[in-house]
Structures are given as structure tokens and as C-alpha cells.
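For reference, the chains in residue letters:
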Amino acid sequence: MVTFRDAGIVLRTHKLAEADRIITLLTRDHGKVRAVAKGVRRPKSRFGGRLEPFMYADLQFYEGRSLDTVTQAVTLAAYGGPITASYPAFTAANAVAEVADKLSPVEHVPARLLFRLTVGAVAALARSVAPPDPEGNAPTPGPGSVADSYLLRALALAGYAPALTDCARCGAQGPHRAFSPAAGGVVCQRCRPPGSAAPTGATVALLGALLEGDWPAVAAAPPQAAAESAGLARSFAEFHLERAIGSLRLMDR
Ligand SMILES: [Zn+2]
């Protein structure tokens with residue numbers, strides 16, 4: 001029996017048979033792993049809540065022909081509890097999980113970096129809904145900002161970072177006032193495709209802060225820029241995620 005051990009974060013779970021679940025995990029060394037957790041839905045399961053969505057655990061598996069099986073799970077961080085207790089954090093975490101799932105395994109996405117980025121985003125989501133730390137004054141970004149930042153950074157790992165200063169098409173020196181997801185970010189007056197957005201300078205600066213994970217700058221952004229940047233980050237991600245995944249579909253054929 002071939003066994004292996006790895007750290008992994010639970011992206012989602014599916015019911016299987018009467019008491020079992022299929023757990024989809026993003027692991028540090030084995031990329032995405034789908035594994036059966038036997039008896040996990042029984043009230044007295046030895047896994048307890050350790051294989052619920054967004055739990056981070058040290059896991060032991062044995063390899064199966066089509067699916068592996070989880071034999072042991074030790075919690076490394078219980079992010080699942082606070083995240084599933086908050087609707088905004090839960091929806092943000094599901095968006096993170098969906099993107100992580102889709103980008104893994106995409107050939108040109110560095111798996112270890114995607115793993116680190118994903119665990120970091122889930123940890124930040126758990127923190128975003130925790131009671132404020134009376135000692136620390138570090139700004140805690142809201143769940144939506146964490147998810148938008150993750151989208152932009154995951155896309156950057158896949159080779160689709162948005163252009164935010166110089167024109168995405170011709171490279172003309174910025175700043176520019178038009179933004180087009182399809183063109184790849186900000187565009188100059190000559191390159192601007194019809195229907196481009198015209199975000200404020202504060203919105204473009206906020207997109208940069210989200211891409212960098214610069215939380216003090218994210219926290220200081222005006223609310224209008226926050227709403228506008230969220231819309232642009234999401235339409236940018238939607239457009240380019242399809243392209244990033246498209247390369248996987250071609251690979252599969
Ligand atoms: Zn241009």
C-alpha cells in the first residue's frame with residue numbers, strides 16, 4: 001500500500017455513499033488531490049470537523065487506482081469555523097476555492113506559489129471576520145477585498161497580471177484613464193476598445209494595492225474606489241481565467 005503525507009487546504013467536499021465524502025484539497029507538494037474520507041459524515045467520525053471546507057490540515061493518504069483515501073488528518077489551522085459562520089467570508093472563500101480549483105493543475109501556474117497564495121487568502125478571510133485584536137492596529141481588509149486581491153494575484157501567477165500604468169496594448173506611458181479587461185488592463189486613448197470602463201485614478205491605484213497585497217493602501221481607499229475596483233477586478237478575472245483554463249483544455253485533448 002503506497003501512502004503519502006502532505007499539508008493541504010480543503011477546497012470543497014461532496015457526499016459519497018452513506019457516510020463518506022470526497023474531499024478536494026489543494027496540497028503543498030501534490031497539487032490538487034481528490035480523496036475519499038470514509039465515515040466522515042458519521043457523528044462520531046474520527047476526523048471530526050477536520051475535513052470541512054477551508055480547514056488546513058496535515059494529512060496522510062493512501063493511493064488508490066482512481067481516488068486516494070485520507071487515513072489521518074491533524075488540524076494545522078481551523079480557518080473553516082470562522083469562515084463558514086460569516087456569509088460574506090464564506091462566499092469570498094468559495095470564490096477563492098473555485099479559482100484555486102480551476103488553476104490547478106494548469107501547466108504554467110507554479111503549484112507551490114498557488115498553494116501559498118491560497119492558504120494565505122483563506123487565513124486572511126478567517127482573520128477578516130475575527131474580533132479585532134485589541135493590541136494590534138494592522139488594518140484588516142474585508143472579505144471582498146481579500147477575494148479580489150486573490151483573484152488578481154492568482155491570475156498574475158498564471159501570466160495575466162493587469163497593466164495598471166502603461167497601456168496594455170501599445171505600452172504608451174501612463175497613467176491612462178480607460179480600462180478594458182479584454183485588452184489586459186489600462187489602455188491609452190488610441191488603443192481603447194469601445195465599451196472600456198473609465199475608472200478614477202483612485203480606483204486604478206486600489207487595483208494596484210490589491211495586486212500587491214498592500215493592505216494599508218486598500219484600507220485607506222475611498223468607498224467609491226472600492227466598489228469600482230471590485231467590479232473591474234472581477235470582470236478582469238472572469239475574462240482571463242477562461243483563457244488560463246483554456247490552455248488546460250487544449251492540453252487534455
Ligand atoms: Zn495604447
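Residues numbered from 1 in each chain as written. Predicted model: local features only at pLDDT ≥ 70, side-chain atom pairs only at ≥ 80, totals over all residues. Heavy atoms only, no water.

## Things to note about the coordination of the zinc ion
So, step 1. For the zinc ion, every protein donor is listed as Cys167 (SG), Cys170 (SG), Cys188 (SG) and Cys191 (SG), and the spread of their distances is 2.3 Å.
So, step 2. Relative to the metal, the 4 donor atoms surrounding the zinc ion lie at angles of 102 to 115°, and the coordination shape comes out tetrahedral. (Donors = N, O, S within 2.8 Å, 3.2 Å for Na, K, Ca; no water. Tetrahedral: all angles 85-135°; square planar, octahedral: opposite > 155°, others 65-115°.)

## Concerning the domain arrangement of the chain
When the parts of a complex come together, some accessible area is lost, and that lost area is often used as the size of the interface.
So, step 1. Under the domain assignment used here, the chain contains domain 1 (3-78) and domain 2 (82-252).
So, step 2. Centre-to-centre separation of domain 1 and domain 2, based on C-alpha positions: 28 Å.
So, step 3. Counting from both sides, the interface comprises 15 residues of domain 1 and, opposite them, 16 residues of domain 2.
So, step 4. Across the domain 1 to domain 2 interface the summed buried area is about 1,300 Å²; carbon plus sulfur atoms make up 70%.
So, step 5. Our enumeration of links across domain 1 and domain 2 arrives at 3 salt bridges.
So, step 6. Between Asp101 and Lys32 there is a salt bridge, with its nearest N and O atoms 2.4 Å apart.
So, step 7. Between domain 1 and domain 2 we count 5 residue pairs in polar contact (both at pLDDT 80 or more) in total.
So, step 8. Among the elements that line the side of domain 1 that touches domain 2, the one with the most residues is strand β1 (residues 3-16), at 5 residues.
So, step 9. Residue composition of the side of domain 1 that touches domain 2, by class: 7 nonpolar, 4 polar and 4 charged. (Domains from an automatic or database assignment. Contact = heavy atoms within 4.5 Å. Buried area = accessible area lost by both parts, 1.4 Å probe. Salt bridge = Lys/Arg side-chain N within 4 Å of Asp/Glu carboxyl O. Polar contact = N/O pair within 3.5 Å; in protein donor to acceptor, adjacent residues only side chain to side chain. Helix = DSSP H or I, 4+ residues; strand = E, 2+ residues; numbered from the N terminus. Nonpolar A, V, L, I, M, F, W, Y, C, P; charged D, E, K, R; others polar.)

## Topic: helix α5 (residues 201-212)
Each turn of an α-helix holds 3.6 residues, which means side chains three or four residues apart point in the same direction.
So, step 1. Along its 12 residues, α5 runs 17 Å from first to last C-alpha, staying within 8% of the 16 Å computed at 1.5 Å per residue.
So, step 2. Taken together, the buried positions of α5 are Thr203, Val204, Leu206, Leu207, Gly208, Ala209, Leu210 and Leu211.
So, step 3. At the exit of α5 stands Gly213, carrying a positive phi of roughly 70°. (Expected span 1.5 Å × (residues − 1). Buried < 20%, exposed > 50% of the residue type's maximum accessible area, 1.4 Å probe, protein only.)

## Here's the deal with the nonpolar core
So, step 1. Ranked by internal contacts, the top residues of the largest apolar core, which has 40 residues, are Ile9, Tyr56, Tyr79, Ile83, Leu103 and Tyr150.
So, step 2. When contributions to this core are tallied by element, the ones reaching two or more residues are β1, α2 (87-103), α3 (111-128), α4 (143-157) and α7 (223-252).
So, step 3. By residue number, the principal contributor to this core is α3, which donates 10 residues.
So, step 4. Among the domains, domain 1 (3-78) and domain 2 (82-252) are the pair contributing at least three residues each to this core.
So, step 5. With residues up to four places along the chain from it excluded, the contact list for Tyr79 reads Ile9, Phe54, Met55, Tyr56, Val119, Val122, Ala123 and Ala126.
So, step 6. Among the nonpolar cores identified, the runner-up in size contains 16 residues, and Phe179, Ala209, Ala221 and Leu232 belong to it. (Core = buried A, V, L, I, M, F, W, Y, C linked by side-chain atoms within 4.5 Å.)

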